[in-house]
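Observations on chain architecture
Single-letter residue listing:
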Amino acid sequence: MTEQQTTLPFFTLLLLISFASVNAVMFTPALPDIANYFDISHDSAQLTISWFLIGYAAGQLVYGPLANRFGRKPAIYAGICLQIISSLICVLSGVFHEYSLLVVGRLLLALGSGVGLKMTFTLVNECYAPRPASKLISYLILAFAITPGLAAAIGGVLTQHLGWTSCFYAGAIYGLILLGLSRKLPETQLTPDYNALKWSHLIHAYGVKFKNTRLVTSAMMMSTSTCFVYTFAAIAPFVAINLLGMSSSDYGFANIIPAIGLIIGSLTSAKLTDRFEYLTLIFAGTVLATIGVVIMLIAVCLHASAIHSIFIPMMIIYLGLAAVLPNASAIAMGAVQDKAHGSAVMNFINMGLATVVVMGLGFLPMSPYLMPILYLILCAVMFTFYKLTQRTPETIS
């Protein structure tokens, strides 16, 4: 490990790890407006989230071999450039009044921006030992607190004053800024793997990783946590704006409240990483998230306002999830030697379950009760995979 490899610019990593999540949520305050503009149902409007998640999950398996063949930085550059082009395609869907073009643009947008999460985990775990990497990831989880909440707030203001297409112009600007900052990232793949793109090599490399039980079960804990984030993005705008009467700008700013939970949780998790085992912190985070879900259910039953029935409970839930994500990722990446393929499989599983769950939302009636009931199920699933990981021996493949 060289000195250059250990020097990772934190701010760039912060923007890189949140690249896809910002692109996923910035336009969510505009979902009702998009449904009205294209004269489509709310379920059809949610396809923009479902197809984004499909592209996001699929992209995780693409960038692993690309990064091994051409290097970490070229893979990052390729993903960012695709994100910028795709953002402009989404703008054109409004110009031509073609909703299918928006869906395609969102799919490509996910394929491009998905490079951020995968390459962040790869770079961090190649440059640092497991515990320092876990601590850094805990701090980087701050990105999921700061940038998506800020993106939703910006998206709400842009939508109300400049229209929904302005959200995608803002996304393209984000990509241009990140493209410039990424030039200062170190290249950790010093020797290209010329076999990385061969089918036989890919099948073997990914096959070994998918058979790694500890990698898969810990990735499923991450995935369950991620489900909270993306189902919130898919459901909350319609419940808060359409059912509970919030304006799009108020909704955007209210997203700052859950972000507070992630900020506090991320800082706390980073401080506790050196003192407690990964699984202990994951268990505590799962319990805390469950408490937040119960509070949400009670608030909904009492017909409380959106602030009290959605955003304050989400703050508590995110406080708990902030302990699950970095520690589950540390367990997953500690179980593999090839960090590029390992992080690809981890993030594919991470986003795969979220994709299935969000797509399944289209078959369920929109109701204030939908989130707390779904979240109770997710807490049970997360606890199940916690127990499975606990029983799995520590092996490296």
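A few points on the structure. Everything numeric here is computed off the predicted structure, so don't read it as measured data.

The backbone phi angle of H97 is positive, close to 55 degrees, even though this residue is not glycine. By the element assignment, H97 lies in the loop between α7 (72-95) and α8 (99-113). Since its relative accessible area comes to 43%, H97 is described here as partly exposed. The backbone of H303 shows a phi angle near 55 degrees, a positive value even though the residue is not glycine. Structurally, H303 is set in the loop between α17 (278-301) and α18 (306-334).

Relative orientation and spacing of two packed helices are given, respectively, by the angle between their axes and the distance between those axes. Running from amino to carboxyl end, helix α14 (residues 213-243) crosses helix α20 (residues 370-391) at an angle of 170 degrees, the nearest separation of the two axes being 8 Å. Classed by the angle they form, the pair α14 and α20 counts as roughly antiparallel. Grouping the amino acids of the contact of α14 with α20 by side-chain chemistry returns 18 nonpolar, six polar and one charged.

We now examine the environment of F121. Inspection of the secondary structure puts F121 in helix α9 (residues 115-127). You can call F121 buried: its relative accessible area is 3%. Each C-alpha atom of the pair F121 and L297 lies 34 Å from the other, and the pair is 176 residues apart in sequence. Beyond its immediate chain neighbours, meaning those up to four positions away, F121 contacts I137, M222, S329, S343, M346 and N347.

Axis separation between α17 and α20 bottoms out at 9 Å; the angle between their running directions is 165 degrees. Our classification of the angle between α17 and α20 gives roughly antiparallel. As α17 runs across α20, the sense of the crossing is left-handed. Residues L279, I282, F283, T286, A289, T290, V293, V294, M296, L297 and V300 of α17 form the contact with α20, whose own contacting residues are M371, P372, Y375, L376, C379, M382, F383, Y386, T389 and Q390. Per-class residue counts for the contact of α17 with α20 are 17 nonpolar, four polar and no charged.

This part covers the packing of aromatic side chains. As enumerated under the stated definition, the model contains 16 aromatic pairs in all. Taken together, F27, Y37, F38, Y99, W164 and F168 form an aromatic cluster joined through their ring pairs.

A word on the state of the cysteines. Scanning the entire structure with this criterion turns up zero disulfides. Not part of a disulfide, C81 finds its nearest cysteine sulfur in C90, a span of 16 Å. Among the residues examined, C81 registers a relative accessible area of 36% and is labelled partly exposed.

Analysis parameters
- Residues numbered from 1 in each chain as written.
- Predicted model: local features only at pLDDT ≥ 70, side-chain atom pairs only at ≥ 80, totals over all residues.
- Heavy atoms only, no water.
- Helix = DSSP H or I, 4+ residues; strand = E, 2+ residues; numbered from the N terminus.
- Buried < 20%, exposed > 50% of the residue type's maximum accessible area, 1.4 Å probe, protein only.
- Axes fitted to C-alpha atoms, helices over the stretch in contact; angles between N-to-C directions.
- Parallel < 35°, antiparallel > 145°, perpendicular 65-115°, else oblique.
- Nonpolar A, V, L, I, M, F, W, Y, C, P; charged D, E, K, R; others polar.
- Contact = heavy atoms within 4.5 Å.
- Left-handed = near helix turned anticlockwise from the far one by under 90°.
- Phe/Tyr/Trp six-rings, centres within 6.5 Å; stacked < 30°, edge-to-face > 60°.
- Disulfide = S-S within 2.5 Å.

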